[in-house]
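The primary structure of each chain is shown beneath.
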Amino acid sequence: MSTNASLVTPWAEPVPEMGPAVYRLTNGPKEHKHTYHLYCPWSEDGNSILLLRYDFPLPEAEVCLLDSASGEIQPVVKTNSWGSHNCAGQQWQGDRDRIYFHSADERGETAVTVNRAGTDRQEFATDGFPLRFCSPDGRWVYGATPLESMFPNDDIAPRNDKGVIRLNLDTGERELVMSLEQVLELVPEPGKIADCHLFAKMVILHKRFPRLLFGVVNGYWARAGLEPRIKFLMSVGTDGADPAYIGNYAHHPNWHSSKDIILSNIKDFNENMRFGLFDGHGRGLPEYIPGVKGSGHPSYSPDGEWICTDAGGPEGNRIIICDPAGGPETIVMESDFRSGGYATFKAVDERGPGESVMEALRGIGEKKTRQTQAHPAWSRDASAILFNGDTGNGSQLYMVDVKEALKSGRSAQDCR
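In every chain, residue numbers begin from 1 and rise along the written sequence. Where totals are concerned, whole chains, interfaces and linings use all residues; where local detail is concerned, this predicted model gives features only for residues with pLDDT of at least 70, and gives and counts side-chain atom pairs only at 80 or more. For side-chain calculations, the full set of non-hydrogen atoms in the structure is used, while hydrogens and water are omitted.

### Here we look at the sheet that holds strand β26 (residues 329–335)
So, step 1. When DSSP locates at least two bridges between a pair of strands, those strands are taken to pair. Helix and strand assignments follow DSSP, with helices taken as H or I runs no shorter than four residues and strands as E runs no shorter than two, numbered in order from the N terminus. Spatially, β23-β24-β25-β26-β30 is the arrangement adopted by the five strands of the open sheet, whose pairing is antiparallel. Two strands in the sheet have a free side with no partner beyond their single neighbour: β23 (299–300) and β30 (410–411).
So, step 2. The pairing of β23 with strand β24 (residues 307–311) spans two bridges and is classified as antiparallel. The partner of Tyr300 across the bridge, within β24, is Ile307.

Here is the structure:
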């Protein structure tokens, strides 16, 4: 594993009560958060960390850059479209040294890119499409058809023009990559699920190959008890070529950093949560990573040597690094973080008599809840992990020095 000692700088505050290699990078009074475990918040040169700064529940937040050398936070641009779970989707626009994020104007939701100074702004209306993953070359951002278009009044709309889509960030052109109708042509026994409220989510691009994975689910309608729960993975080329059915999964899939392999939480035959590995084109059966318990938001390190994930339970919140070859799991952070529930789940659970699922979901946004999940994300050289944490005064950013953590962390096996 490569290391970059400059990522842990003298201004970073050690937090030994969380772990011997944990450092606090922000300390209020506003809340600070990086986007998600799927995105690297560090710039390509390692000099800046991309984050969102907000004062909950005020409607406006700031997309900011944290200087790695000094700890100074520089506001770049404001956004009025964000939530406490996925922030404003802020991420580096591939390799272009530009920032992509969500905002809104009189047209509704917009997809925005700016340079580091917050200028040279490019903005496109999204018509409600949740566009959440920029391509490595920065040309495209990928997402899926919004639920409002999929299920007006809970009716299932035609699927031939709905599914996984992409927006060209140079021209504003939008393209359908794969429709839900095409998905149903590839799944086993499509007749059994054709009348279910299926939609695409977790559209994730491979970092090296022109291929993406996505989940097909009916989560809200299954939660409402209206139909059996459905969750399976698909993969397809970024241009829509070579689609493949992958198989059932539990939650939070992700690509291997350099191989045609999909990592996901899946349940084994004894209903135990495990980490499973799928072939990226759906060939063969999934394999379990031996000796490792599945949990949280897993990701491979950029060099493919390690998997990092977060886990919560009676023992508190943890960040764990494990050897994907079946070696030890090391606890590198422990804390009793505070979080909150999903407003969407609450709305479905508490909908009134005769109220449709879409009526319950309409108008509910993540910004109405206060939720902080760790979402551990690797640095580009695999020497550090950034995560969110709320110890009682709102979300702040923390970092794990990976090399030091692996030397001094506790074995997860010893804690079971």
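### Some details on the confidence of the model for the chain
So, step 1. The predictor rates its confidence in each residue with pLDDT, a number between 0 and 100. When pLDDT is averaged along the chain, the result is 93, and 95% of the positions lie at 70 or above.
So, step 2. We call two residues in contact whenever any of their non-hydrogen atoms come within 4.5 Å of each other. Here residues 1–6 is modelled with pLDDT under 50, and outside its nearest four sequence neighbours on either side it reaches 15 contacts, counting other chains as well.

### Comments concerning the nonpolar core
For soluble globular proteins, the rule of thumb is that nonpolar side chains tend to be buried together.
So, step 1. Each nonpolar core is a collection of buried residues, namely Ala, Val, Leu, Ile, Met, Phe, Trp, Tyr and Cys, held together in the definition by side-chain atoms within 4.5 Å. Buried means the residue's accessible area, taken with a 1.4 Å probe over protein chains only, is under 20% of the maximum for its type, while exposed means over 50%, and partly exposed covers the values in between. The biggest cluster of nonpolar side chains holds 50 residues, and the ones touching the most others in it are Val183 and Phe214.
So, step 2. Among the elements that take part in this core, strand β15 (residues 199–205) stands out by supplying six residues, more than any other.
So, step 3. If sequence neighbours within four positions are ignored, Phe214 has contacts with Val164, Met178, Val183, Ala200, Lys201, Met202, Val203, Phe232, Leu233, Met234 and Val236.
So, step 4. Membership of the second largest hydrophobic core comes to 20 residues, among which are Met18, Val332, Met333 and Ile385.

### Focus: the state of the cysteines
So, step 1. Cysteine sulfur atoms that come within 2.5 Å of each other are treated as a disulfide pair. Counted according to the given criterion, the structure contains zero disulfides.
So, step 2. Cys87 forms no disulfide, and the closest cysteine sulfur to it belongs to Cys64, at a distance of 11 Å.
So, step 3. Using a relative accessible area of 5% as the deciding quantity, one classes Cys87 as buried.
So, step 4. Distance from the sulfur of Cys322, which forms no disulfide, to the nearest cysteine sulfur (Cys308) is 8.5 Å.

### Considering the sheet that holds strand β3 (residues 31–33)
Consider a sheet: its strands pair through backbone hydrogen bonds, and that pairing is either parallel or antiparallel.
So, step 1. The four strands are arranged β3-β4-β5-β6 in an open sheet whose pairing can be described as antiparallel. Only two strands of the sheet have a single neighbouring strand rather than two, namely β3 and β6 (73–79). Here the strands of the sheet are splayed against their neighbours by 35 degrees on average, with no regard to which way each runs. Angular values range over 0 to 180 degrees, each being the angle between N-to-C directions of two axes fitted as lines to C-alpha atoms, with helices fitted over their stretch in contact.

### Observations regarding the pairing of β6
The side chains of a regular strand alternate, residue by residue, between the two faces of the sheet.
So, step 1. Summarising the sheet, strand β5 (residues 61–67) and β6 pair through six bridges and their orientation is antiparallel. Paired with Cys64 across the two strands is Pro75, which belongs to β6.
So, step 2. Counting the residues between successive antiparallel strands, the hairpin from β5 to β6 contains five residues, one of them, Gly71, with a positive phi of roughly 85 degrees.

### So, the environment of Asp170
So, step 1. Inspection of the secondary structure puts Asp170 in the loop between β13 (163–168) and β14 (174–179).
So, step 2. Note on Asp170: relative accessible area 45%, which makes it partly exposed.
So, step 3. On a C-alpha basis, the gap between Asp170 and Leu233 in space is 30 Å, while along the polypeptide they are 63 residues apart.
So, step 4. Each polar contact in these results corresponds to two N or O atoms within 3.5 Å; when the atoms are within protein, one needs to be able to donate a hydrogen and the other to accept it, and residues that are neighboring in sequence are counted only if both atoms are side-chain atoms. In terms of polar contacts, Asp170 uses its side chain to reach the side chain of Arg96, at 2.8 Å.

### Thoughts on the pattern of salt bridges
So, step 1. For this analysis, a salt bridge means a side-chain nitrogen from Lys or Arg found within 4 Å of a carboxyl oxygen belonging to Asp or Glu. Tallying each qualifying case throughout the model produces 25 salt bridges.
So, step 2. Residue Arg24 pairs with Glu13 through a salt bridge whose shortest N-O separation is 3.1 Å. Residue Arg24 is found in strand β2 (residues 22–24), and its partner Glu13 is found in strand β1 (residues 13–14); the two are separated by 11 residues along the sequence.
So, step 3. Note on Glu13: relative accessible area 36%, which makes it partly exposed.
So, step 4. With its nearest N and O atoms 3.8 Å apart, the salt bridge here joins Asp242 to Arg211. Of this pair, Asp242 sits in the loop between β17 (231–237) and β18 (244–248) while Arg211 sits in strand β16 (residues 211–217), and the two are 31 residues apart along the sequence.
So, step 5. Of the residues examined, Asp242 reaches a relative accessible area of 44% and is grouped as partly exposed.
So, step 6. Each of Lys30, Arg53 and Glu62 takes part in a single network of salt bridges with overlapping partners.

### Quick look at unusual backbone geometry
So, step 1. Cis geometry is adopted by the peptide bond preceding Pro29, which originates at Gly28 and carries an omega value of 0 degrees.
So, step 2. For Pro29, the location among the structural elements is in the loop between β2 and β3.
So, step 3. Residue Cys87 is not a glycine yet carries a positive backbone phi of 55 degrees.
So, step 4. Here Cys87 is to be found in the loop between β6 and β7 (91–92).
So, step 5. Here Asp97, not a glycine, exhibits a phi torsion of approximately 55 degrees, which is positive.
So, step 6. Take Asp97: it is sitting in the loop between β7 and β8 (99–105).
So, step 7. Asp97 sits in the partly exposed class, given a relative accessible area of 40%.

### Things to note about the packing of aromatic side chains
So, step 1. Ring pairs shown here join Phe, Tyr and Trp side chains whose ring centres sit within 6.5 Å, with only the six-membered ring taken for Trp; geometry is labelled stacked below 30 degrees between planes, edge-to-face above 60, and tilted in between. Summed over the entire model, instances satisfying the criterion amount to 14 aromatic pairs.
So, step 2. Taking the centre distance of 4.6 Å and the plane angle of 35 degrees together, the rings of Tyr54 and Trp82 count as tilted. A residue pair is termed long-range when its members are at least 10 positions apart, and Tyr54 in strand β4 (residues 48–54) and Trp82 in the loop between β6 and β7 qualify at 28 residues. Each member of the pair Tyr54 and Trp82 is classed as buried.
So, step 3. Put simply, the rings of Phe151, Phe199, Tyr220, Trp221, Tyr342 and Phe345 pair up and form one aromatic cluster.
So, step 4. Just above the ring of Phe129 sits the side chain of Arg174; from NZ or CZ to the centre is 4.3 Å.
So, step 5. Put simply, a charge is over a ring when the Lys NZ or the Arg CZ is close to the ring centre, within 6 Å, and near the line of the ring normal, within 35 degrees. We note Lys231 situated over the ring of Tyr249; from NZ or CZ to the ring centre the distance is 5.0 Å.

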